[in-house]
Number of protein chains: 2
Amino acid sequence: MSCRFARNIGGGWIEAKNSRGEVGLVPEDYIEVNQAQPFTSRGNAAPLDLSFFDSQMPAPASTAQTSNGNDPWAVFDNNPSGGFSNNWAAQPEGTETGKTSSNAWHSGGHGHPQAYQGPDIYPYPCLIDLSGAEDDEWDEEWDDVKSSGGYAESEAGEGGAINRGGAHGSSMKIALNKFPGFSKSGPELYLLSKQAAKGTKLPIYGGEVGPVWAYPDYQLDCVVADPKKGSKMYGLKSYIEYQVTPTTTNKPVNHRYKHFDWLYERLLDKYGSAIPIPCLPDKQVTGRFEEEFIKMRMERLQGWMTRMCRHPVISSSEVFQLFLSYKDEKDWKTGKRKAEKDETVGVMIFSTIEPEGLPDLDVIEVEQKCEQFSRFTRAMDDGVKDLLTIGNEHWKRCTGPLPKEYQRIGKAFQNLSSVFISSGYEGEATLTDALTAAGKTYEEIAQMVAEQPKKDLHFLMETNNEYKGLLGCFPDTIGVHKAAIEKVKEADKLVAAGKITTSDKVSMSKRASTMSYALQAEMNHFHNNRIYDYNRVMQQYLEQQVKFYEMIAEKLRHAHSQFTTM
Amino acid sequence: MSCRFARNIGGGWIEAKNSRGEVGLVPEDYIEVNQAQPFTSRGNAAPLDLSFFDSQMPAPASTAQTSNGNDPWAVFDNNPSGGFSNNWAAQPEGTETGKTSSNAWHSGGHGHPQAYQGPDIYPYPCLIDLSGAEDDEWDEEWDDVKSSGGYAESEAGEGGAINRGGAHGSSMKIALNKFPGFSKSGPELYLLSKQAAKGTKLPIYGGEVGPVWAYPDYQLDCVVADPKKGSKMYGLKSYIEYQVTPTTTNKPVNHRYKHFDWLYERLLDKYGSAIPIPCLPDKQVTGRFEEEFIKMRMERLQGWMTRMCRHPVISSSEVFQLFLSYKDEKDWKTGKRKAEKDETVGVMIFSTIEPEGLPDLDVIEVEQKCEQFSRFTRAMDDGVKDLLTIGNEHWKRCTGPLPKEYQRIGKAFQNLSSVFISSGYEGEATLTDALTAAGKTYEEIAQMVAEQPKKDLHFLMETNNEYKGLLGCFPDTIGVHKAAIEKVKEADKLVAAGKITTSDKVSMSKRASTMSYALQAEMNHFHNNRIYDYNRVMQQYLEQQVKFYEMIAEKLRHAHSQFTTM
């Protein structure tokens with residue numbers, strides 16, 4: 001079920017070639033690139049012969065087009081029959097080269113391989129993703145178009161949409177490169193790599209809680225604020241620019257959404273195999289400049305940036321530092337080009353990881369850890385989604401029928417009071433004044449009830465939504481590890497078959513151990529952040545809930561005091 | 001549309017005769033007796049010729065039966081065509097002898113003349129009225145069956161159901177007497193009466209708020225308590241007996257529901273034209289001995305008794321005093337027989353009313369007052385029903401979806417906590433203990449929410465339900481007054497036609513003035529009680545609401561405190 005290259009020919013079709021050299025067209029929607037890395041294009045990869053990892057692949061539906069068949073790295077999964085998802089889900093994980101299905105947990109019957117893409121259940125400002133149609137966001141270039149050579153979407157329109165089609169907070173999507181020859185995936189690239197590691201070393205230490213990343217002494221943070229409408233082409237095109245101020249320099253830099261997106265793509269390329277990089281908040285076409293939307297996007301960009309700042313590996317990376325503190329436009333352009341040429345991307349990131357004073361783990365241990373994290377993230381994903389569903393229903397009730405009911409109660413009291421006033425009976429005011437006030441109080445409570453979710457449930461939802469997005473990236477990340485484990489477990493056979501040397505086998509095992517430490521460090525980072533985040537959001541939620549109920553009680557106490565004891 | 005007599009022949013048919021002597025069968029549901037009084041049967045009424053008040057009546061649907069046509073007093077309204085309600089409503093009020101339509105305000109399209117009989121919207125223990133089927137309640141006689149001669153229903157089974165078919169809190173129904181010759185209605189009986197008033201005088205004084213009844217120095221009250229299951233016929237039949245203890249004697253007496261009903265019938269007969277006598281809480285067949293039902297009925301009987309105690313005319317009446325403080329069974333039986341033979345019933349109650357030092361009112365003033373009270377009670381009726389509808393919906397929400405939602409929120413928190421516990425991450429307990437506690441708190445809140453309506457909304461609903469019942473009696477009471485006003489307005493014509501003397505006319509006007517003072521005194525009594533009741537119930541409601549919200553806030557404050565600030 002893998003193909004050996006693919007090329008977007010437009011109109012929703014992808015030209016693909018399988019390992020037997022058969023070429024044909026498959027619908028774009030049926031294809032998902034896994035760990036596609038712009039690697040060989042930069043000419044630095046050792047020309048490994050990985051053909052022994054290939055499985056059989058059925059012929060694509062048609063072979064109307066010839067194709068560039070020179071690239072053996074691009075690995076696709078496809079199923080032109082439309083039964084894709086279920087077939088995929090039914091396959092044992094990790095049995096194919098580089099297969100890291102983002103759909104492994106939640107393949108439904110909808111025939112689309114992207115998990116975590118259900119409709120946006122959160123009733124807050126609906127962010128509709130119509131990236132394919134959002135031309136102006138993508139056609140305009142703040143700086144040199146040509147410089148974004150590795151930034152496929154800005155050049156290839158609708159073809160890029162396949163990777164971005166998720167609801168906000170959906171799974172990490174690794175870029176589909178439309179140009180055959182750019183893609184390379186599979187952990188074997190790292191497991192069997194002969195080249196020396198390039199780039200900054202990423203040490204892992206044995207901490208109190210287990211393997212941990214090296215945390216900086218100073219916790220980086222930044223503020224995303226002050227969204228401003230900018231325009232270009234004599235006002236024909238407009239956009240929103242956000243001011244991003246890092247706590248290090250305290251010097252603000254301006255960034256448009258597409259720059260955040262560029263950063264996301266770079267981080268995903270470079271760290272995605274080891275660190276789940278959550279998606280950015282969705283783009284939106286309609287009402288893009290409406291205040292509410294801009295505020296919401298800013299809030300979510302802030303959340304995304306804060307999470308990135310808190311990550312010791314991300315926050316100290318060159319590309320992230322560039323984004324936060326470039327000096328001028330020239331500095332930004334230069335840094336951008338450099339980042340796009342970074343070679344240590346995809347699974348090669350593991351080559352920079354150095355467990356310090358930690359013993360090598362055998363594959364059984366590696367697998368156990370991996371399974372444990374897989375189980376946990378899956379269970380948490382379910383729990384978070386459950387909470388989001390319930391929170392969403394609660395949101396609807398709190399902003400819909402409940403305040404309406406309090407309002408009706410308030411109106412009924414006031415109406416009865418009006419009737420009473422009409423009695424002409426002396427001393428009526430001793431009741432009616434109080435009854436009218438009570439009615440108004442319930443109308444105020446209605447208002448409070450309707451506005452409350454924005455004060456408490458909103459943050460609970462946002463945090464869980466963020467976690468839903470983050471957890472949606474784990475299948476991809478964990479998939480890389482599972483694939484590596486499978487390779488290591490096959491090592492004996494490969495040695496026996498003379499495909500790899502015994503030294504290769506030892507090396508693979510050691511590298512799988514390194515990968516495991518990276519995963520453990522990442523999980524410990526995740527747990528640490530999670531405990532902080534949930535403590536914080538629950539405190540915030542409950543604090544606001546307490547205030548809410550106290551305020552209602554206070555209002556009712558006042559209403560009560562106006563009735564006379566007779 | 002009036003007929004001159006009617007006889008229940010069973011099977012849901014009434015044999016009726018109109019003023020032209022035509023006899024036929026009409027469906028029981030189409031007939032409602034207005035101010036039918038067991039008067040002439042006791043042989044004490046002056047044989048007034050009131051035939052000049054008769055209107056034309058169409059022939060009943062069939063004339064298959066001959067009938068006792070000797071009684072000119074029984075006045076029925078019927079409409080065999082089925083369009084009864086609307087026709088009735090379309091007729092100008094008071095144009096026919098003694099017509100006091102209880103359906104005048106709210107005639108719907110259901111073809112049933114009884115207003116205020118919609119389904120019991122209050123979701124609290126549903127009291128289904130199946131009086132026709134409730135044989136054991138009515139067949140069993142605690143004392144002499146024969147003594148209840150004036151108590152038609154105990155002898156005539158399903159025929160009596162027509163008057164008792166209302167939902168609890170429905171309109172006052174004046175007894176349908178199955179025996180032709182027993183009925184007499186219409187205010188002319190009083191307006192043209194030549195006989196001296198019999199029975200205790202009921203003075204009306206000019207108070208601060210206008211005409212008022214004579215209030216006793218000591219406010220009577222009673223406690224309905226201690227429901228006990230009794231049985232008779234060697235245990236074959238069982239019933240519930242309530243202990244009623246008046247504050248005057250502090251000596252408890254026992255009464256079954258049917259005794260309350262007997263009292264109701266007596267009060268209705270005697271005072272119904274001047275004082276709205278609210279219906280008793282409904283009877284119920286199924287689950288009659290279930291704890292919940294008995295408690296509810298007791299509570300409502302208590303409410304009914306309290307309201308009767310608070311009425312200066314009712315509470316000081318002989319029959320009411322008998323009910324509350326009979327000495328022994330013999331005393332009860334004797335008193336019962338005496339009450340049933342009371343002659344000052346129906347409109348004749350006005351003959352005992354004596355406005356003290358109050359000037360005679362002219363008919364314009366009388367009519368204005370009457371109209372004012374009619375408008376007020378109608379508007380209040382609408383307001384009360386509106387509040388009941390809203391309260392009912394609120395009740396449903398508070399006991400249904402809302403606590404379910406809080407429970408789900410609680411479960412979601414606890415579920416997430418369980419997932420977190422499974423992480424194996426050190427220091428997890430700093431979050432999970434608090435998160436589990438928060439989840440449990442929301443489950444507790446769910447419980448509180450579901451139980452709250454019984455603590456506050458219940459009393460608001462009960463009070464409004466009681467007022468709905470009371471207000472449902474006003475059309476009947478006000479109808480008597482309206483009919484009297486019409487008669488007085490016709491007086492000149494009648495004098496000119498030689499039907500009545502000038503002296504009769506003066507007398508009629510004076511008596512209409514007396515009736516107006518009675519209505520005003522009653523309205524002032526109503527207003528006074530209403531202001532007290534609504535002040536009290538609103539205080540109670542708000543007090544409980546405050547407690548409720550404070551308790552939620554307190555619980556959440558405690559849940560909040562368990563999260564650690566990091």
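The rules behind these values
- Residues numbered from 1 in each chain as written.
- Chains lettered and ligands numbered in written order.
- Predicted model: local features only at pLDDT ≥ 70, side-chain atom pairs only at ≥ 80, totals over all residues.
- UniProt positions renumbered as here; feature names shortened; annotations may be inferred.
- Helix = DSSP H or I, 4+ residues; strand = E, 2+ residues; numbered from the N terminus.
- Buried ≥ 20, exposed ≤ 12 C-beta atoms within 10 Å, placed from the backbone.
- Contact = placed C-beta atoms within 7 Å.
- Pairing = 2+ DSSP bridges.
- Axes fitted to C-alpha atoms, helices over the stretch in contact; angles between N-to-C directions.
- Parallel < 35°, antiparallel > 145°, perpendicular 65-115°, else oblique.
- Left-handed = near helix turned anticlockwise from the far one by under 90°.
- Nonpolar A, V, L, I, M, F, W, Y, C, P; charged D, E, K, R; others polar.
- Least-squares fit on C-alpha atoms with pLDDT ≥ 70 in both.
- Expected span 1.5 Å × (residues − 1).
- pLDDT = per-residue confidence, 0-100.
- Bend = angle between axes of the 7 residues up to and from the residue.

An unreviewed UniProt entry lists chain A under the name Sorting nexin, with Labeo rohita as the source organism. Entered under Subcellular location (unreviewed entry) in the UniProt record, the comment concerning chain A runs "Cytoplasmic vesicle membrane". Its UniProt record gives chain A the following Sequence similarities (unreviewed entry) comment, quoted word for word: "Belongs to the sorting nexin family."

Along its length, chain A carries 14 helices and eleven strands. By residue count, 51% of the 566 residues in chain A fall in the buried class. The contacts in chain A between residues at least 6 apart in sequence include a share of 78% that link residues at least 24 apart.

Before going further, it helps to spend a moment on the pairing of strand β7 (residues 210-213) of chain A. Residues and elements named next belong to chain A. Sheet topology note: the strand β6 (residues 202-207)/β7 ladder contains four bridges and is antiparallel. When the bridges of β7 are listed, I204 appears paired with W213. Connecting β6 to the antiparallel partner β7 that follows it, the hairpin turn spans two residues.

Before going further, it helps to examine the packing of helix α11 (residues 363-399) of chain B against helix α16 (residues 502-561) of chain B. Residues and elements named next belong to chain B. Remark: α11 packs on α16, axes separated minimally by 10 Å, with the N-to-C direction vectors making an angle of 30°. When the interaxial angle is binned, α11 and α16 end up roughly parallel. Note that α11 runs across α16; the crossing there is left-handed. Judged by residue contacts, V363, V366, K369, C370 and F373 of α11 engage S509, A512, S513, S516, L519, Q520 and M523 from α16. A breakdown of the residues in the contact of α11 with α16 according to their chemical character gives seven nonpolar, four polar and one charged.

Between chain B and chain A, the residue contacts involve 52 residues of the former and 52 residues of the latter. With 19 residues, α16 of chain B is the largest single contributor of residues to the side of chain B that touches chain A. A per-class count over the side of chain B that touches chain A returns 28 nonpolar, 13 polar and eleven charged.

So, on to the sheet that holds β7 of chain A. All names here are of chain A. Pairing is mixed in the open sheet, where three strands are placed in the order β7-β6-β11. Strand pairing shows two members of the sheet lacking a second neighbour, β7 and β11 (353-355), which therefore form its edges. Between one strand axis and the next, the sheet turns by 30° as a mean value, whatever way the strands run. Pairing of β6 with β11, which is carried by three bridges, proceeds in the parallel orientation.

Residues and elements named next belong to chain A. Its place among the elements puts N250 in the loop between β9 (237-246) and β10 (253-256). Residue class for N250 comes out exposed when judged on the 10 C-beta atoms lying within 10 Å of it. Sequence separation of N250 and T463 is 213 residues, and the distance between their C-alpha atoms is 26 Å.

A few words now on the relation of the copies chain B and chain A. Of the transformation superimposing chain B on chain A, the axial component is 0.0 Å and the angular component is 180°, with the fit at an RMSD of 0.1 Å. Viewed as a symmetry operation, the transformation between the two copies matches a two-fold axis. Taking the C-alpha atom as reference, chain B places Y549 of chain B closest to the rotation axis, 2.7 Å from it. Comparing interface residues between copies, 100% of those in chain B also lie at the interface in chain A; the contact surface is shared.

The pairing of strands in a sheet happens through backbone hydrogen bonds and is either parallel or antiparallel. All names here are of chain B. As summarised here, the arrangement of the three strands in space is β7-β6-β11, forming an open sheet in which the pairing is mixed. Taken across any chain shown, the strands that pair with only one partner, and hence form the sheet edges, are β7 (210-213) and β11 (353-355). Neighbour to neighbour, the strand axes of the sheet diverge by 30° on average, direction disregarded. Where α16 meets the sheet, it contacts β6 (202-207), β7 and β11, and its direction lies at approximately 80° from that of β7.

Another point: unusual backbone geometry. Residues and elements named next belong to chain A. You will see that D226, though not glycine, has its phi angle at about 50°, which is positive. Tracing the sequence through the fold places D226 in strand β8 (residues 222-232). Exposure remark for D226: the 13 C-beta atoms within 10 Å place this residue in the partly exposed category. Residues other than glycine seldom take positive phi values, yet N250 does so here, at roughly 60°.

The end-to-end C-alpha separation of helix α6 (residues 257-271) of chain B is 21 Å, in line with the 21 Å expected for 15 residues at 1.5 Å each. The buried fraction of α6 of chain B is high, at 14 of 15 residues.

This paragraph deals with the environment of V345 of chain B. Position of V345 of chain B among the secondary structure elements: in the loop between α10 (329-340) and β11. Taking the C-alpha atoms as reference, V345 of chain B lies 8.9 Å from R266 of chain B; in sequence the two are 79 residues apart.

This brings us to the confidence of the model for chain A. Residue and element names in this part refer to chain A. Here chain A averages 75 in pLDDT, while 66% of its residues score no lower than 70. Counting contacts from residues 1-6, a segment whose pLDDT is below 50, to residues more than four positions away or on other chains yields 39 contacts. Scored below 50 in pLDDT, residues 29-184 makes 355 contacts in the model with residues more than four places away or belonging to other chains. In the predicted complex, the global pTM is 0.74; the interface-specific ipTM is 0.74.

Another point: the packing of α11 of chain B against helix α15 (residues 474-496) of chain B. All names here are of chain B. Contact geometry of α11 with α15 gives a least axis separation of 10 Å together with a crossing angle of 160°. By the angle class used here, α11 and α15 are roughly antiparallel. Here α11 runs over α15; the crossing is left-handed. Counting all contacts with α11, which are made through V363, V366, E367, C370, F373, S374 and T377, the residues of α15 involved are F474, I478, H481, K482, I485, V488 and K489. For the contact of α11 with α15, the per-class residue count stands at eight nonpolar, three polar and three charged.

All names here are of chain A. Counted at 1.5 Å a residue, the expected span for helix α13 (residues 457-496) with its 40 residues is 58 Å, and the 59 Å between its end C-alpha atoms agrees. Along α13, the largest kink reaches about 45° and is centred on E490. Just downstream of α13, G498 is the residue with a positive phi angle, here 75°.

Quick look at the pairing of strand β8 (residues 222-232) of chain B now. Residues and elements named next belong to chain B. Of the strand pairs in this sheet, β8 and strand β9 (residues 237-246) are connected by nine bridges, and their pairing is antiparallel. When the bridges of β9 are listed, A225 appears paired with Q243. Here β8 hands over to β9 after four residues, with M233 in that stretch at a positive phi of 50°.

Tracing the chain through its elements places I349 of chain B in the loop between α10 and β11. Between the C-alpha atoms of I349 of chain B and L361 of chain B, which are twelve residues apart in sequence, the distance is 19 Å.

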